[in-house]
Protein chains: 2
Amino acid sequence: MSENAEIKPIREIIMIGTGNVARHLGEAFFQKGIKIKQVYGRNPDKAIKLAKLWNSIPVYDIRQLLSSEIYFFCLSDAGFLEQTQELSLDRGISVHVSGSLPLSALSGLSKQNGVFYPLQTFSSDHPVSLNDVPILIEGNDDEVTHSLMGLASQISTEVRVVNSEQRFLLHIAAVFACNFTNYMYVIAEKILEDNKLDFDLLKPLIKETAAKAMHYKPGDVQTGPAKRKDQEIIRRHLEKLGNNKDFQEVYKLLSGKIEDHFTI
Amino acid sequence: MSENAEIKPIREIIMIGTGNVARHLGEAFFQKGIKIKQVYGRNPDKAIKLAKLWNSIPVYDIRQLLSSEIYFFCLSDAGFLEQTQELSLDRGISVHVSGSLPLSALSGLSKQNGVFYPLQTFSSDHPVSLNDVPILIEGNDDEVTHSLMGLASQISTEVRVVNSEQRFLLHIAAVFACNFTNYMYVIAEKILEDNKLDFDLLKPLIKETAAKAMHYKPGDVQTGPAKRKDQEIIRRHLEKLGNNKDFQEVYKLLSGKIEDHFTI
């Protein structure tokens, strides 16, 4: 492709998958007037439900996909490998949305392929605006990269091109910043619930902790007993957690790592 | 005290300590027109700086404290035990601001004493509005409790009475929800920094993860490879973290705990 060739904007997609990412991406595309030709799902109820929302056609057999400019594979990594095994697309771009699958996972599927990874956590009921969500793009040729950038720009202002290695590292970092963080909230809530205390009391703290990460390097605003190396409080907290060995183990490991991190 | 006795509102305090909590609380009181009679600090520079801010008098010898309605001991737990050893106050209420020290830690100091624990994280440079921060109150008699509630109500709309045991549990939960959460951000940032990737890319995710905790039970919105029991991704993430054994160990422990938590 020459540098001056005009990239035809993508006006239609086929959505493969009915999970959280499929739903949030599909909805964002639909809202921007991009046609969703088909919605594929092994579970007919879910495919029908989404197809209704988006004036689309549900399909339950992946071999019945129509021809399309682009195919969005919004499947779990395991589901992707399993369900696409015997699939081969004559034309169009096949795209996956995974942080951890390399671009090369698509190479048997179609000549042109790419990755469209929204760096966000999607839960079923919670509506998320994609407008400031980074969308990380990779294409197996310049035409794909530019097409996907154009598509991403319609739903987000934060579009970046990253390679498979960088995306994989971002995904690992995201597991810490999101999944493990949420698990810290889970533990905090359980400790309070077990003692009939109100989780609401922690909400300003949770909000402020996240707000500080927007403006400071997290290492510069670390606080707490482990940062202060306050062994007496750590000892008493661990003792109090004696009735939940899992939480005790997490407290002990993380306190030790924080002490080490801020000593070196 | 009879139920109908009128509690005289507190109009003056002495601030003992110059750390983050002292600074944030003192500033909030000063803004509400409460007189800060003295600021005590072992470090003269810090005491002088705060005294200037609050039109107050700096002192560096704890034996030179004047008489006051209330004494705010904003010291670390270790500092508190060390610096108040030989102190005895004839009158006034002595108050500490610690989540983990019991009320009884003040019993040798004065006849009336209490706890005034703001459930928030304070970093030196970052201004925090205390308006929605829970302030957890305990008094050794009703008069103290009501006086402290009145004082707290001047700077926050979230004032609760909790006992030492409940406060201790809330402090432990806060270590998970704030200190350990911030350490997750520290790890995420280090992974990206080591690979010349931009921490800004994670900010919408951090914001959304905290925002979900405002509206849902954290256990209901857990996402990620460990929650999905996606062993293949977990294995590849651990392999990639091989050059940082600390982060690898944290990833492994937390993934295992999440898998267990969502299996039971």
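Rules behind the numbers
Residues numbered from 1 in each chain as written. Chains lettered and ligands numbered in written order. Predicted model: local features only at pLDDT ≥ 70, side-chain atom pairs only at ≥ 80, totals over all residues. Heavy atoms only, no water. Helix = DSSP H or I, 4+ residues; strand = E, 2+ residues; numbered from the N terminus. Buried < 20%, exposed > 50% of the residue type's maximum accessible area, 1.4 Å probe, protein only. Contact = heavy atoms within 4.5 Å. Lys, Arg positive; Asp, Glu negative; His and termini not counted. Charge placed at Lys NZ, Arg CZ, Asp CG, Glu CD. Phe/Tyr/Trp six-rings, centres within 6.5 Å; stacked < 30°, edge-to-face > 60°. Lys NZ or Arg CZ within 6 Å of the ring centre and 35° of its normal. Buried area = accessible area lost by both parts, 1.4 Å probe. Salt bridge = Lys/Arg side-chain N within 4 Å of Asp/Glu carboxyl O. Polar contact = N/O pair within 3.5 Å; in protein donor to acceptor, adjacent residues only side chain to side chain. Least-squares fit on C-alpha atoms with pLDDT ≥ 70 in both. Pairing = 2+ DSSP bridges. Axes fitted to C-alpha atoms, helices over the stretch in contact; angles between N-to-C directions. Core = buried A, V, L, I, M, F, W, Y, C linked by side-chain atoms within 4.5 Å. Parallel < 35°, antiparallel > 145°, perpendicular 65-115°, else oblique. Nonpolar A, V, L, I, M, F, W, Y, C, P; charged D, E, K, R; others polar. pLDDT = per-residue confidence, 0-100.

Brief notes about the overall build of chain A
Reasoning step 1: Across its full length, chain A holds eight helices and eight strands.
Reasoning step 2: Taking the principal axes of the C-alpha coordinates as reference, chain A spans close to 65 × 45 × 30 Å.
Reasoning step 3: Across the 264 residues that make up chain A, the buried fraction comes to 57%.
Reasoning step 4: Partitioning the contacts of chain A with sequence separation of at least 6, the portion at a separation of at least 24 is 53%.
Reasoning step 5: Once the 30 positive and 33 negative side-chain charges of chain A are each reduced to a mean point, those two points are 4 Å apart.

Focus: the packing of aromatic side chains
Two numbers describe a pair of aromatic rings. These are the distance of the centres and the angle of the planes.
Reasoning step 1: All chains considered together, the criterion is met by 14 aromatic pairs over all chains.
Reasoning step 2: Centre to centre, the rings of F176 of chain A and Y251 of chain B are 5.8 Å apart; their planes meet at 65 degrees, and the pair counts as edge-to-face. Residue F176 of chain A is found in helix α5 (residues 164–194), and its partner Y251 of chain B is found in helix α8 (residues 245–261); the two belong to separate chains.
Reasoning step 3: A relative accessible area of 0% places Y251 of chain B in the buried class.
Reasoning step 4: Among the aromatic residues, those joined into a ring-pair cluster are F29, F72 and F116 of chain A.
Reasoning step 5: The ring of F262 of chain A carries K227 of chain A above its face, with NZ or CZ at 5.3 Å from the centroid.

Things to note about the interface of chain A and chain B
Reasoning step 1: At the junction of the two partners, chain A supplies 85 residues and chain B supplies 85 residues.
Reasoning step 2: Overall, the association of chain A and chain B removes approximately 9,200 Å² of surface from exposure, summing both partners, and the carbon and sulfur fraction of that is 69%.
Reasoning step 3: Taken together, the links from chain A to chain B amount to twelve salt bridges.
Reasoning step 4: The closest approach of N and O atoms between R160 of chain A and D198 of chain B, which form a salt bridge, is 3.8 Å.
Reasoning step 5: There are 34 residue pairs in polar contact (both at pLDDT 80 or more) connecting chain A and chain B.

What to know about the relation of the copies chain A and chain B
Related by rotation about an axis and a shift along that axis, the two copies of the chain form a pair.
Reasoning step 1: When chain A is fitted onto chain B, the two copies agree to an RMSD of 0.0 Å after a turn of 180 degrees and an axial shift of 0.0 Å. Put plainly, the chains are arranged around a two-fold axis. Taking C-alpha positions as reference, the residue of chain A nearest the rotation axis is T181 of chain A, located at 2.5 Å.
Reasoning step 2: When the interface residues of chain A are mapped onto chain B, 100% of them again fall at the interface, so both copies present the same face.

A word on the sheet that holds strand β5 (residues 93–96) of chain B
Pairing between the strands of a sheet comes from backbone hydrogen bonds, and it takes one of two forms, parallel or antiparallel.
Residues and elements named next belong to chain B.
Reasoning step 1: Strand order in the open sheet formed by eight strands is β3-β2-β1-β4-β5-β6-β7-β8, and the pairing between neighbours is mixed. The strands lining the two open edges of the sheet, one partner per strand, are β3 (57–59) and β8 (159–161). In this sheet, adjacent strand axes meet at a mean angle of 25 degrees when their direction is disregarded.

Side note on the pattern of salt bridges
Residues and elements named next belong to chain A.
Reasoning step 1: One pass over the full model with this rule turns up 32 salt bridges over all chains.
Reasoning step 2: Of the charged contacts in the structure, one is a salt bridge between K37 and E12, with a shortest N-O distance of 3.7 Å. Taken together, the residues K37 in strand β2 (residues 35–40) and E12 in strand β1 (residues 12–16) connect sequence positions 25 residues apart.
Reasoning step 3: For E12, a relative accessible area of 18% corresponds to the buried category.
Reasoning step 4: For R167, the salt bridge identified is with E138, shortest N-O distance 2.7 Å. Of this pair, R167 sits in helix α5 while E138 sits in strand β7 (residues 135–139); the two residues are 29 residues apart in sequence, bridging distant segments of the chain.

A closer look at the nonpolar core
Reasoning step 1: Of all hydrophobic cores here, the largest spans 118 residues; its most connected members are F73, F176 and L202 of chain A together with F73, F176 and L202 of chain B.
Reasoning step 2: Once residues lying within four places of it in the same chain are set aside, the contact partners of F176 of chain A are T181 of chain A together with M184, I187, A188, I191, L241, F247, V250 and Y251 of chain B.

Let's talk about the packing of helix α7 (residues 231–240) of chain A against helix α5 (residues 164–194) of chain B
Reasoning step 1: Contact geometry of α7 of chain A with α5 of chain B gives a least axis separation of 11 Å together with a crossing angle of 100 degrees. With respect to α5 of chain B, the axis of α7 of chain A lies roughly perpendicular. Only E165, F168, L169, H171, I172 and V175 of chain B of α5 of chain B make contact with α7 of chain A, whose side of the interface consists of I233, R236, H237 and K240 of chain A.
Reasoning step 2: A per-class count over the contact of α7 of chain A with α5 of chain B returns five nonpolar, two polar and three charged.

Looking at unusual backbone geometry
Reasoning step 1: Its identity as a non-glycine residue notwithstanding, K229 of chain A has a phi of 55 degrees, on the positive side.
Reasoning step 2: In this fold, K229 of chain A is placed in the loop between α6 (203–215) and α7.
Reasoning step 3: Overall, K229 of chain A belongs to the partly exposed group, its relative accessible area being 33%.
Reasoning step 4: The phi dihedral of K196 of chain B is positive, around 55 degrees, even though this residue is not glycine.
Reasoning step 5: In this structure, K196 of chain B sits in the loop between α5 and α6 (203–215).
Reasoning step 6: Exposure remark for K196 of chain B: the relative accessible area of 80% places this residue in the exposed category.

Thoughts on the environment of H171 of chain B
Reasoning step 1: Take H171 of chain B: it is sitting in helix α5.
Reasoning step 2: A residue is classified by how much of its surface remains accessible, and H171 of chain B, at 11% relative accessible area, is buried.
Reasoning step 3: When neighbours within four sequence positions are excluded, H171 of chain B is seen to be in contact with P225, I233 and H237 of chain A together with G99, S100 and Y117 of chain B.
Reasoning step 4: A polar contact of 2.5 Å, which involves the side chain of H171 of chain B, links it to the side chain of S100 of chain B.

Things to note about the confidence of the model for chain A
Detailed reading of the predicted coordinates is not advisable wherever pLDDT falls low.
Reasoning step 1: Counting all residues, the mean pLDDT for chain A is 93, and 97% of those residues have values of 70 or more.
Reasoning step 2: For this predicted complex, the interface confidence comes out at an ipTM of 0.92, alongside a pTM of 0.91.

Considering the environment of V21 of chain A
Reasoning step 1: For V21 of chain A, the position within the fold is in helix α1 (residues 20–31).
Reasoning step 2: When the C-alpha atoms of V21 of chain A and S98 of chain A are compared, they prove to be 9.6 Å apart, with 77 residues separating the residues in sequence.

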